[in-house]
Amino acid sequence: MELLRSNLPRVRIPEPTNRIFKHECCISFDTPKSEGGLFVDMNTFLAFGRDYVGWNYEKTGNPVYLHIKQTKKTIAEDRPSKRPTLLAIGIDGGFDNSDPQYEESYEIVILPDYIALPFPSVELPEKVRLAVDATLMAEAAERKEQVASWTADKKLVSKYAMDLQQLDNGVVVPPMGWKCAKCDKTENLWLNLTDGSILCGRRNWDGTGGNDHAIDHYKEAGYPLAVKLGTITADLEGADLPYGLLNNYFLYVQSTYSLYLSSLNSGSDVFSYPEDESILDPLLGQHLAHFGIDFSSLQKTEMTTAERELDQNINYDWNRIQETGQDVEPLFGPGYTGLVNLGNSCYLAATMQVVFSMRPFCSRYYVEQSLKAAFSVAPADPTVDLNMQLTKLAHGLLSGKYSVPVLEDDDKSSAPSSLKQEGIRPRMFKSVIAASHPEFSTMRQQDALEFFLHFIDQVDRMNIGNPNIDPSRSFKFGIEERLQCPSGKVAYNGRKDYILSLNIPLERVVNKRELADFQKLKAERAAEGKDVSTDEIVRPRVPLKDCLDCFSAPEEVHDFYSTALKARTTAIKTAGLTSFPEYLVLHMRKFVMEEGWVPKKLDVYVDVPDIIDIRNMRSNGLQPREELLPETAAGDGEESPKLLADEVIVAQLVSMGFNYLHCQKAAINTSNCGVEEAMNWLLAHMNDPDIDSPISQDVQTPHIDRSKIDTLVSFGFEEELACRALKASGGNVEQAAEWIFSNPSASAASDMDVTTSSGAAVDTLLPDGGGRYRLLGLVSHIGTSTHCGHYVAHILKDGRWVIFNDEKVGISKNPPLDMGYLYFFERLES
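On a predicted model such as this, the values are computed, not experimentally measured, just so you know.

**Examining the sheet that holds strand β8 (residues 225-228)**
Taken in spatial order, the five strands make up an open sheet running β7-β6-β8-β9-β10, and their pairing is antiparallel. Each edge of the open sheet is held by one strand with a lone partner, namely β7 (198-200) and β10 (277-279). Strand-to-strand twist of the sheet, defined as the mean angle between neighbouring strand axes without regard to direction, takes the value 40°. Bridge analysis of strand β6 (residues 189-192) against β8 gives three bridges, and the strand direction is antiparallel. Paired with L191 across the strands is V227, a residue of β8. Sheet strands in contact with helix α4 (residues 213-221) are β6 and β7, and its direction is about 120° off that of β7.

This is the structure in structure tokens:
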């Protein structure tokens, strides 16, 4: 006690602004559940595991620590597993992921001799008691333990709900026996909440569903909200409360929570036509009562949109990618450590598992750098140091310390369900890597491709000036585009990239006969009122070689200004690689925009072989017999070319009913990038005061706000690429970022009028070698969008395929090699 009193000056009482860590060691993945517990420095409020707290004492001299120890409580019995009813993991109604409960004990420890004093105790100095109480009561700086949920975007309250107009037309809706007012449909019926009309829903792509009468009625009358009959229920247990509202109250403020509870309508499918999404109507009960409906007496008879998505995700894709029912044999030890889902963080887990299966990252952050070495050079707060947190993650994944079997109960030690691991929670790494990105810092699901590019960019920035130790260089390669105009002269544009993004040419499917037979079978089943079973589904198959060939195939570039011809013409563009990286990452463009600008995921398989050879994709720059397009000398008095509107784009927009002049401006201000980009610009600038002014002949390109360019540059994009993306998206930052990721092969040049170049010089700092590669791993996606669903990694380790599904790690019996979203290849040396 005297020793403690002598060190009171080193004890601080935390203030509200202090960051307090008490759930995880800042340089390892030790927690209060670990064998040695967790030690919280009562001066800095950083936490350390038993093996590492001594390092902190050596570095800071702080001697007083709060020791927190958690012990598992005994569970009486396991609950039987139930079929999930929500797109979530670990919450009531979701996929089972139950965790054990723990009880906590505390003591005060004084280093370096580890002298322990009990807490609570009235004998402790008041300052210590106050400091510990404040520490235990404060919200931890680590993100709270969050349910590993994966779900589509949560519903929001419609802006039309609170002031919805309802007509006093005497309509009374019966409790049953509904039929579309314009056809004979008796299913998929929607009640318009303004006039009480009952009409059928949208027609699906395969002819099923409805006849579009509800949407046609909205287009005619403009009444915004409709509810799907058969889904109306006041049963709170069946309500689709997003993210498990009752279990995750910390995700919502109390006022929002009360609003949801008061409505009791989350189980009902309410759609807003002008907002074009499913929404929440807090006054649904009142709106239904207007038409004589007591929704407390209605029984649910149809699936909601979310339930249909759930039903689809439990089927073939979910089962195959996760290898459900395959009785996967769990794996433990170095390199087989799972990453626990922090709440929609599977995109991070799957990506980092593949990254740390590669030699450069293993060497840099595990073999060549110890935890103590990283901690010694880290700043005062190692939780904000990327180098420290990458080293921590590497040691957590590769040491095997945290990859050991965890038995749920002693009397069930032989049960297969007990052969699982707790894994590690990459909270601090996620916080550091997401600090400079507005999306990754949220708890929403993200695109694994976007995360990979952001991660590599951050590692590259951290290692500027040290190319020899930068592991991100192993992914970097050069891309060269060759442009040839009708004069025969050429121009070259070059850039560097970390991924090769590939279109999937559906016209090159290899199973056309099987697809035709499947469509015939589906039509026959539909005529019988039945659906085809999941094991009968046939999907298009496209060889990876055809995807690679499309990247290099000649492509027409319209409205290209040739300095040789001094006119706009059509050029032919081809592309190739100037270097072959140590690791090649292929991105399959499975997410496209279908007619009506509706995002769609291609339901297609890509046949990927174990070995690929891309030596034919090598580009070597200007050849001896080629002649470059002449440059336009600066100040030569010649008028620079003006950007003219692409009449094809203008015609398509005009056919939709827009003003011709407005359409011309939309095409020009988006650099003729396409109808979608022009449409987005047009909708955003309809009310501009100069929208009806004549097109200025002096303005060649739209003005881009400098702050928006800086925002995209802060995301890791090159400035020239940021400018082009902003032009293409009409100055919208979010759409510009989406444009960049949708067009990874977009040139960094400001436009396609670059006419001269000596050929893209080969960067001698880029890794290069032969063009033969072996498949090392893949990241697969389940769901309808990259921003919802689930990601899983499969990696070739020790001569066998291994599945990494969050904290679950095991031998893969049937890896879904044809269902990947990202493919990772390792270069084979000659």
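**Here's the deal with the pattern of salt bridges**
Counted by the stated rule, this structure contains 27 salt bridges. In this structure, the salt-bridge partner of D51 is K401, at a minimum N-O distance of 3.9 Å. One end of the pair, D51, is in the loop between β2 (47-49) and α2 (53-60); the other, K401, is in the loop between α12 (386-398) and α13 (427-433), and 350 residues separate them in sequence. Note that D818 is salt-bridged to R541, the shortest N-O span being 3.0 Å. You can see D818 sitting in the loop between β25 (808-811) and β26 (820-827) and its partner R541 sitting in strand β14 (residues 541-543), a full 277 residues away along the chain. Of the residues examined, D818 reaches a relative accessible area of 8% and is grouped as buried.

**Overview of the environment of L817**
Inspection of the secondary structure puts L817 in the loop between β25 and β26. For L817, a relative accessible area of 18% puts it in the buried group. Between the C-alpha atoms of L817 and L775, which are 42 residues apart in sequence, the distance is 9.5 Å. Discounting residues that sit within four places of it in the chain, L817 has contacts with V606, V608, D610, L775, L778, W801 and Y823.

**Side note on the environment of V542**
Among the secondary structure elements, V542 is positioned in strand β14. Remark: the alpha-carbon pair of V542 and L506, spanning 36 residues in sequence, is separated by 6.9 Å. In this structure V542 touches I504, P505, L506, R508, V509, C547, V604, Y605, V606 and D607, once residues within four positions along its chain are discounted.

**A look at the packing of aromatic side chains**
If you walk through the whole model with that rule in mind, you get 18 aromatic pairs. Ring geometry for F39 and Y114: centres 6.3 Å apart, planes at 80°, overall edge-to-face. Of this pair, F39 sits in strand β1 (residues 38-41) while Y114 sits in the loop between β4 (102-110) and β5 (115-119), and the two are 75 residues apart along the sequence. Here F39 falls in the buried class, since its relative accessible area comes to 1%. Here F475 and Y583 contribute two aromatic rings whose centre-to-centre distance is 6.1 Å and whose plane-to-plane angle is 45°, an arrangement assigned as tilted. Placement of F475 in the loop between α14 (448-462) and β11 (477-484) and of Y583 in strand β17 (residues 583-588) is noted, with a sequence separation of 108 residues between them. Relative accessible area serves as the criterion here: at 0%, F475 is assigned to the buried category. Y583 gets classed as buried once you look at its relative accessible area, which sits at 1%. Site record: aromatic cluster; members linked through ring pairs are Y347, F356, F361, Y365, F429, F451, F452, F455, F475, Y583 and F824.

**Here we look at the nonpolar core**
Counting residues in each nonpolar core, the largest one holds 94 residues, and the members touching the most others are I108, M352, F356, F429, F455 and F475. A575, F580, V606 and V608 belong to the second largest nonpolar core, which has 32 residues in total.

Cut-offs applied
Residues numbered from 1 in each chain as written. Predicted model: local features only at pLDDT ≥ 70, side-chain atom pairs only at ≥ 80, totals over all residues. Heavy atoms only, no water. Pairing = 2+ DSSP bridges. Helix = DSSP H or I, 4+ residues; strand = E, 2+ residues; numbered from the N terminus. Axes fitted to C-alpha atoms, helices over the stretch in contact; angles between N-to-C directions. Contact = heavy atoms within 4.5 Å. Salt bridge = Lys/Arg side-chain N within 4 Å of Asp/Glu carboxyl O. Buried < 20%, exposed > 50% of the residue type's maximum accessible area, 1.4 Å probe, protein only. Phe/Tyr/Trp six-rings, centres within 6.5 Å; stacked < 30°, edge-to-face > 60°. Core = buried A, V, L, I, M, F, W, Y, C linked by side-chain atoms within 4.5 Å.

By themselves, these figures tell us nothing about what the structure is for.
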